[in-house]
Amino acid sequence: MATSNPQTHVVIVSSPQVGHIVCNLELGNRLVMDHNLHVTFFVVAESKASTGESETIQSARAENLLDIIQLPPVDISGKVEPNSPIFTTLTTIMRETNPLLRSAISALKPRPTALFVDIFGTAALDVAEEFHMLKYVFVTTALPLALAVYINILDKEVEGEYVDQKEPLRLPGCMPVRPDDVVDPLMNRTKHEYRVFLQVGLEIRRSDGLMVNMWEDLDTKTLKAMREEECYGSLPVYAVGPLFRPVEQSGLKSELLDWLDEQPVESVIYVSFGVTGKLSAQQITELAWGLEHSQQRFVLVLRSNNKDKGINLLDYLPDGFLERTHNLGLVVTADWVPQSAILGHGSVGGFLSHFGWNSVVESIISGVPMIAWPLYAEHKMNAALLAEELRVAVRPKIAPTKGVVGREEIEMMIRKVMEDHEEGKAMRARIQELKNSGEKAWAKGGSSFNALSQIAKQCEMNLQRQEGK
């Protein structure tokens, strides 16, 4: 089912951190398997890569679909403060990697015809132009992308802080964005991170096309606006999702999955806050009480970080919690769990998530309704889309980043998603519709398959132009 010349060679440049790497790898896999492209995958190494990053790259090497090249770590100590926000840190890493990337691309044979970057790597578009490559920016979702492309206009129109505005921010043709839901770089316009975001917004406009890990049915309104409203730069926008890490069938037996095998269908709520999501001691305590009072079966994943060394997160659980709930749920303290396998398990009926987009996509494709617990990045905008527009999730009244969500509200949200009442049934029906539409989008001839096919053909045409020179 090849749609392009086997010699058409493209480059994907991924920023660090496992969530970004996973999504970019799946893009590369699709380009190879479905569209017969040759893909070189550059990933920027971190000086202290996580276990998840290392295992993800190792697994991708074993699959042998992509030519994977790790670029060495760069020293950014003189460029950013040690505790700079993640957006500033990652964009700086990617910007400082340009000389290494330029040298590596110049050595590639055959000559690559296109470069794909994520939102942290837009500085690499300069390198692509030097080599006469097509330039694509691949991001998670459409609404944060619309905000990034439109931000330099908002910067001139809006006075004062965005978070202090009395009315939602208006993006032409899109769902209004509540001030509290803006992405992290917009929280304080006096910070360096905001200026970096403005620069990224300008760089995105120089691309040849924008790609989102969504499908047409997931956010029709925003996709339509970005394609029709001139204020977004008149760039082609391609919905190429759902791209997610498939469940590996081998080697996944574990105590956790064995326990799930013993539970009734759709009876377990899975609680996880991503690789980097962390909760305060008080919030862990309230969450545990909410789980216990809900009387629902559960899997609770608690992750520590470097600052937590020597701290036992189980100590934050209420006294006697593990004993009282030992027949009801599992508490897992691990850096990594097989999330795709957990969400795809028939006994799981709900997901309390930090609302990183990879997790959201996995939940939708598994047909599992959600409780939104947004912590950073674009997660609050994701929560607004899924809870208010698509109505396949619920979210707390108070933002988890602004205060402690109480046990009573946690219990209420869990019961709303898990119990067999009218609202819960409606959510499950709607998410099943989205699951079906996502699967259809990626079938041969579906909207996402065809969108990526268009991009593959453009890459092939650029190869022909290069060879004609």
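Use the structure listed above.
Residues numbered from 1 in each chain as written. Predicted model: local features only at pLDDT ≥ 70, side-chain atom pairs only at ≥ 80, totals over all residues. Heavy atoms only, no water.

A. Structural context of the pattern of salt bridges. Taken as a whole and judged by the stated rule, the model has 20 salt bridges. Residue Glu129 pairs with Lys135 through a salt bridge whose shortest N-O separation is 3.9 Å. Several salt bridges share partner residues, and in doing so they unite Asp126, Glu129, Lys135, Arg206 and Asp208 into one network. (Salt bridge = Lys/Arg side-chain N within 4 Å of Asp/Glu carboxyl O.)

B. Main features of unusual backbone geometry. A cis geometry characterises the amide bond from Lys109 onward to Pro110, with omega recorded as -5°. Along the polypeptide, Pro110 turns up in the loop between helix H4 (98–106) and strand E4 (114–117). Going from Gly241 to Pro242, the amide bond is cis rather than trans, its omega being 5°. Here Pro242 lies in the loop between strand E7 (237–239) and helix H9 (255–261). Unusually for a residue other than glycine, Ser234 sits at a positive phi of about 55°. Relative to the elements of secondary structure, Ser234 occurs in the loop between helix H8 (220–228) and E7. (Helix = DSSP H or I, 4+ residues; strand = E, 2+ residues; numbered from the N terminus.)

C. Fine view of the state of the cysteines. Counted under the stated rule, the structure contains 0 disulfides. Cys23 forms no disulfide, and the closest cysteine sulfur to it belongs to Cys459, at a distance of 17 Å. What makes Cys23 buried here is its relative accessible area of 7%. Cysteine Cys174 is unpaired, with the sulfur of Cys231 as its nearest cysteine sulfur at 7.9 Å. When its relative accessible area of 7% is taken as the criterion, Cys174 is described as buried. (Disulfide = S-S within 2.5 Å. Buried < 20%, exposed > 50% of the residue type's maximum accessible area, 1.4 Å probe, protein only.)

D. Representation of the packing of aromatic side chains within the structure. Summed over the entire model, instances satisfying the criterion amount to 9 aromatic pairs. Aromatic pair Phe273 and Trp373: ring centres 5.9 Å apart, planes at 70°, arrangement edge-to-face. With Phe273 in the loop between strand E8 (268–272) and helix H10 (281–294) and Trp373 in the loop between strand E12 (370–372) and helix H14 (379–389), this residue pair connects regions lying 100 residues apart in the sequence. Looking at Trp373, the relative accessible area reads 0%, which means it is buried. In textbook terms, an aromatic cluster arises when at least three aromatic residues are bridged by ring pairs, as seen for Phe87, Phe120 and Phe197. For Arg30, the ring lying beneath its charged end belongs to Trp442, and the centroid distance is 4.1 Å. Above the ring of Tyr162, the side-chain terminus of Arg189 is found at 4.4 Å from the ring centroid. (Phe/Tyr/Trp six-rings, centres within 6.5 Å; stacked < 30°, edge-to-face > 60°. Lys NZ or Arg CZ within 6 Å of the ring centre and 35° of its normal.)

E. Region of the structure containing the pairing of strand E6 (residues 209–212). What you see with E6 is no split at all: Gly209 and Met211 on one side and Leu210 and Val212 on the other are buried throughout. Summarising the sheet, strand E5 (residues 134–139) and E6 pair through 4 bridges and their orientation is parallel. Considered in E6, the bridge of Val137 is made with Leu210. Regarding the hand of the β-α-β motif, the stretch spanning E6, H8 and E7 is right-handed. (Pairing = 2+ DSSP bridges. Right-handed = clockwise from strand over helix to strand, strands pointing away.)

F. Region of the structure containing the environment of Phe41. Note that Phe41 resides in strand E2 (residues 38–44). The class of Phe41 is buried, set by a relative accessible area of 1%. Sequence separation between Phe41 and Val11 is 30 residues; the distance between their C-alpha atoms is 5.9 Å.

G. Structural view of the sheet that holds E6. Strand order across the open sheet formed by 7 strands is E3-E2-E1-E4-E5-E6-E7, with parallel pairing between neighbours. Looking along the sheet, the strands with just one partner apiece sit at the ends: strand E3 (67–71) and E7. The sheet shows a mean angle of 20° between the axes of neighbouring strands, taken without regard to direction. Note that strand E1 (residues 9–14) and E4 share 4 bridges and pair parallel. Opposite Ile12, over in E4, you have Phe116 as the bridge partner. Sheet contacts for helix H1 (residues 18–33): E1, E2, E3, E4, E5 and E6; angle to E1, the most-contacted strand, approximately 170°. (Axes fitted to C-alpha atoms, helices over the stretch in contact; angles between N-to-C directions. Contact = heavy atoms within 4.5 Å.)

H. Molecular detail of the nonpolar core. Formed by 102 residues in total, the largest nonpolar core has its most connected members in Leu115, Leu171, Met370 and Leu386. Each residue touching Leu171, except ones within four places of it in the same chain, is listed here: Leu143, Ala146, Leu147, Tyr150, Leu154, Val177 and Tyr232. With 32 residues, the next largest nonpolar core counts Cys23, Leu31, Leu66 and Ile455 among its residues. (Core = buried A, V, L, I, M, F, W, Y, C linked by side-chain atoms within 4.5 Å.)

I. Local environment of the environment of Leu65. As for its placement among the helices and strands, Leu65 is situated in the loop between helix H2 (51–63) and E3. On the basis of relative accessibility, which here comes to 31%, the residue Leu65 falls in the partly exposed class. Residues Leu65 and His38, 27 residues apart in the sequence, show an inter-C-alpha distance of 8.7 Å. Discounting chain neighbours no more than four positions away, the residues touching Leu65 are Asn29, Val32 and Met33.

J. Seen up close, the sheet that holds E12. In spatial order, the strands read E10-E9-E8-E11-E12-E13; together these 6 strands make up an open sheet with parallel pairing. The sheet terminates laterally at strand E10 (329–333) and strand E13 (393–394), the two strands that pair on one side only. Running over the sheet, H10 touches E8, strand E9 (297–302) and strand E11 (348–353) and is turned about 165° from E9.

K. Molecular detail of the side chain of Thr92. Within the secondary structure layout, Thr92 lies in helix H3 (residues 86–96). Accessibility expressed as a relative area gives 13% for Thr92, which makes it buried. Among the polar contacts made by the side chain of Thr92, one reaches the main-chain carbonyl oxygen of Thr88 at a distance of 2.7 Å. What Thr92 contacts, discounting residues up to four positions off in sequence, is Ile76, Lys79 and Val80. (Polar contact = N/O pair within 3.5 Å; in protein donor to acceptor, adjacent residues only side chain to side chain.)

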